[in-house]
Amino acid sequence: MLLALYTKQPWKTLYLTFQVLATVLVFLPILAVQYLFVRPNPTWSWGHAMRVALARRLNSVIIILGKAPSGPDYRTIEPGSGVEGVWMDEAPHLMNTELKIWSSVANVTSMRIPGYWYAKTSVNPKPPTPIAAGQKVFLFLHGGGFIRMSAHPRSPISIIPRSLVELTDDAPYALAVEYRLSSAYPFAEEHPFPAALLDALAGYNFLVNTMGYNPSDIIVAGDSAGGNLAIALTRYLVENIDDTKVSLPGPPGHLLVCSPVTDMSSSHVVPGSSALINDKDIVSDFYTDPHHPPYRILAYVGPFGVGIASCNRYISPASLSPLVQSRFTGFPRTLIIAGGMEVFLDQICSLRDRMVGDIGEMQVTYYEAANAEHDYLAFSWHPDRPATLKAIKERLVSA
């Protein structure tokens, strides 16, 4: 197994050295010439095509290594430019029986975790209390396949919460949750599902019961894997709203998901699907063989095994498997963002269709940038970014 080999020295250094040289001396020069004449998408500029190719290349290298170099994580708060770190208490009292069973199997518990406040330019670095009536706030859950990236401003994903807080004076703050990342062999096997969900729940509880935000003023937002987690958190709050044994905060007022991963099974991997034909997307570790799931999925499902991805509504809310009883009745107003060239497009459309079927077209807005790749909102240079941020402002934040 390449992953087991290249995580050890000297093979890791040799592999990285080879990849750097091959990328700089061979891969990029060839594409630089090729893209002068033919590009993966005729609407892309030469620079756009080169950036996507480089991102895809870097992503494939990280996949072989299993995980990116370590950075800020759930164990500590690290100083960061323009943000304020905060500790959020564990919330075991908010776990229902189902969540307790999953946690027991996965050997995870609710725990104290950090988060980072992102603030609109020229306002206090964190919200002054008491919170003004009607002031909205983002609870942001970052992407990274559940195995990398961070809520910290050093992470490239931080451009998303930084951009969201600038949209309007009505929502000047975003709390980014530093949830636990999953890992599996050949690394330590830790933090599988539902660890990240427990952390997202702790972040939501902090906003409501520590900061004093009204649940109806909270916009739960996430990109890629964070979009999956945003849906899971919202589902948990909606499904258990009447549970007398668990005193949960009310569901959020809005849900925003950007390029969400909504099916970790292989149910959308069929001939002609986006999973197979959108092969120039920045994501290069999606299923190409249903018998060999990507490392990120193996890490996230942990001891449950990949079979849980075909039957669990929290992990694969848009799975086509009849075993997934995934309903969206009671969900808040939702904005779904997708790129027309991403591998996850079909499963995102399945999510859209199920939500519209359950809560109606008036409650679900679907925005697709036809020529965009996965998670394009995280790229400052992307040409579709300004229009997408405008749509978020008009259709969700200021609605």
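The rules behind these values
- Residues numbered from 1 in each chain as written.
- Predicted model: local features only at pLDDT ≥ 70, side-chain atom pairs only at ≥ 80, totals over all residues.
- Heavy atoms only, no water.
- Helix = DSSP H or I, 4+ residues; strand = E, 2+ residues; numbered from the N terminus.
- Rg over C-alpha atoms; globule rule 2.2 N^0.38 Å.
- Contact = heavy atoms within 4.5 Å.
- Areas by Shrake-Rupley, 256 points an atom, 1.4 Å probe, with all protein chains shown as cover.
- Lys, Arg positive; Asp, Glu negative; His and termini not counted.
- Charge placed at Lys NZ, Arg CZ, Asp CG, Glu CD.
- Expected span 1.5 Å × (residues − 1).
- Bend = angle between axes of the 7 residues up to and from the residue.
- Buried < 20%, exposed > 50% of the residue type's maximum accessible area, 1.4 Å probe, protein only.
- Pairing = 2+ DSSP bridges.
- Axes fitted to C-alpha atoms, helices over the stretch in contact; angles between N-to-C directions.
- Salt bridge = Lys/Arg side-chain N within 4 Å of Asp/Glu carboxyl O.
- Parallel < 35°, antiparallel > 145°, perpendicular 65-115°, else oblique.
- Left-handed = near helix turned anticlockwise from the far one by under 90°.
- Nonpolar A, V, L, I, M, F, W, Y, C, P; charged D, E, K, R; others polar.
- Polar contact = N/O pair within 3.5 Å; in protein donor to acceptor, adjacent residues only side chain to side chain.
- Phe/Tyr/Trp six-rings, centres within 6.5 Å; stacked < 30°, edge-to-face > 60°.
- Lys NZ or Arg CZ within 6 Å of the ring centre and 35° of its normal.
- Patch = residues over 30% accessible without salt bridge, like charges linked within 9 Å, V, L, I, M, F, W, Y side chains within 5 Å.
- Core = buried A, V, L, I, M, F, W, Y, C linked by side-chain atoms within 4.5 Å.
- Right-handed = clockwise from strand over helix to strand, strands pointing away.

J.: Mind showing me how you'd approach the overall build of the protein here?
T.: Across its full length, the protein carries 11 helices and 8 strands. Relative to the compact-globule value of 21 Å for 399 residues, the protein shows a C-alpha radius of gyration of 20 Å, a close match. Taken along the three principal axes of its C-alpha coordinates, the protein extends 60 × 45 × 45 Å. Sequence separation of at least 24 residues holds for 78% of the intrachain contacts in the protein that already meet a minimum separation of 6. If you sum the accessible surface of the protein, you get close to 16,600 Å²; carbon and sulfur atoms cover 57% of it. Each charge class in the protein can be summarised by its mean position, and for the 30 positive and 33 negative side chains these summaries are 4 Å apart.

J.: When you look at helix α6 (residues 195-211) in this model, what are you seeing that I'm missing?
T.: In an α-helix there are 3.6 residues to a turn, and that puts residues three or four apart on one side. With 17 residues, α6 should cover 24 Å at 1.5 Å per step; its first-to-last C-alpha distance of 23 Å lies within 8% of that length. Where α6 bends most, the angle comes to about 30 degrees, and this point is Asn 205. Across the 17 residues of α6, 15 count as buried, placing the element largely inside the fold.

J.: Explain the sheet that holds strand β8 (residues 364-369) here, please?
T.: Note on sheets: strands pair through backbone hydrogen bonds, and any given pair is parallel or antiparallel. The mixed open sheet is built from 8 strands, whose spatial order is β1-β2-β4-β3-β5-β6-β7-β8. Only two strands of the sheet have a single partner each, and these edge strands are β1 (83-88) and β8. Across the sheet, the mean angle separating the axes of adjacent strands is 20 degrees when strand polarity is ignored. Lying on the sheet, α6 is in contact with β1, β2 (113-119), β3 (137-141), β4 (173-177) and β5 (218-223); it crosses β3 at an angle near 165 degrees. Each of β3, β5 and β6 (254-258) is contacted by helix α7 (residues 225-239), which is oriented at about 145 degrees to β5, the strand it contacts most.

J.: Quick question: what am I supposed to make of the pattern of salt bridges here?
T.: Taken as a whole, this structure holds 10 salt bridges when the rule is applied. Measuring nitrogen to oxygen at the nearest pair gives 2.8 Å for the salt bridge that ties Arg 313 to Glu 98. Here Arg 313, found in the loop between α9 (295-301) and β7 (333-339), pairs with Glu 98, found in helix α4 (residues 97-106); they are 215 residues apart in sequence, far enough to count as distant. Its relative accessible area of 19% is what places Arg 313 among the buried residues. The salt bridge involving Arg 352 is made with Asp 353; its shortest N-O contact spans 2.9 Å. On the basis of relative accessibility, which here comes to 23%, the residue Arg 352 falls in the partly exposed class. On the basis of relative accessibility, which here comes to 46%, the residue Asp 353 falls in the partly exposed class. The structure contains a network of salt bridges with shared partners spanning Glu 98, Arg 235, Glu 239 and Arg 313.

J.: Got a minute to help me understand the packing of α6 against α7 in this structure?
T.: The description of two helices packed together rests on the angle between their axes and the distance between the axes. It is the contact of α6 with α7, at a shortest axis distance of 10 Å, that shows an interaxial angle of 65 degrees. When the axes of α6 and α7 are compared, the pair comes out roughly perpendicular. Considering only the axes of α6 and α7, their crossing is right-handed. Within the contact between the two elements, α6 uses Ala 196, Leu 197, Ala 200, Leu 201 and Tyr 204 and α7 uses Leu 229, Ala 232, Leu 233, Tyr 236 and Leu 237. Classifying every residue of the contact of α6 with α7 gives 10 nonpolar, no polar and no charged.

J.: What am I meant to see in the environment of Tyr 118 here?
T.: Residue placement: Tyr 118 occurs in strand β2. Along the backbone, Tyr 118 and Ala 174 are 56 residues apart, and their C-alpha atoms lie at a distance of 5.1 Å. Beyond its immediate stretch of four places on either side in the chain, Tyr 118 contacts Val 83, Ala 151, His 152, Pro 153, Ser 158, Pro 161, Arg 162, Val 165, Pro 172, Tyr 173, Ala 174 and Ala 176. Looking at Tyr 118, its side chain comes within polar contact range of the main-chain oxygen of Ala 151, at 2.7 Å.

J.: Any chance you could explain helix α2 (residues 11-34) here in plain terms?
T.: At Thr 23, α2 is bent by approximately 45 degrees, the largest bend along its length. Within α2, the full set of buried residues consists of Tyr 15, Gln 19, Ala 22, Thr 23 and Leu 31.

J.: How do you make sense of the packing of aromatic side chains when you look at a structure like this?
T.: Each pair of aromatic rings is reported with the distance of its centres and the angle of its planes. Summed over the entire model, instances satisfying the criterion amount to 10 aromatic pairs. Between Arg 57 and the ring centre of Phe 27, over which it is positioned, the NZ or CZ distance is 4.6 Å. Taking the ring centre of Phe 328 as reference, the NZ or CZ of Arg 235 above it sits at 4.7 Å.

J.: Help me understand a nonpolar patch on the surface in this model?
T.: Together, Val 20, Leu 21, Val 24, Leu 25, Val 26 and Ile 30 make up a nonpolar patch on the protein surface, roughly 570 Å² of accessible area in all. Examined against the element boundaries, Leu 21 turns out to sit in helix α2. By relative accessible area, which is 46% here, Leu 21 ends up partly exposed.

J.: Got a minute to help me understand the side chain of His 254 in this structure?
T.: Note on placement: His 254 falls in strand β6. Excluding residues within four positions of it along the chain, His 254 makes contact with Lys 136, Ser 216, Ile 218, Ile 219, Val 220, Pro 332, Arg 333 and Leu 396.

J.: Is there a simple way to explain the nonpolar core in this structure?
T.: As a rule of thumb, nonpolar side chains are buried together in soluble globular proteins. Formed by 84 residues in total, the largest nonpolar core has its most connected members in Trp 117, Leu 139, Tyr 213, Ile 218, Val 220 and Leu 233. Top contributing element to this core by residue count: α6, with 11 residues. If we ignore the near neighbours within four places in the chain, the residues touching Leu 139 are Leu 175, Val 177, Ala 200, Gly 203, Tyr 204, Leu 207, Ile 218, Ile 219, Val 220, Ala 221 and Leu 233. Ranked by size, the runner-up nonpolar core spans 32 residues in total, among them Val 83, Leu 164, Ala 174 and Ala 176.

J.: What's the story with the pairing of β7 in this structure? I'm lost.
T.: Taken residue by residue, a regular strand's side chains alternate between the two faces of the sheet. Within β7, 6 of the 7 residues are buried, which leaves it mostly tucked inside the rest of the structure. Here 6 bridges tie β7 to β8, and the two strands are oriented parallel to one another. Its bridge partner being in β8, Ile 336 is matched across the sheet by Tyr 366. The parallel pair β7 and β8 is bridged by helix α10 (residues 345-359), and the resulting crossover is right-handed.

Any link to function would need more than the numbers given here.
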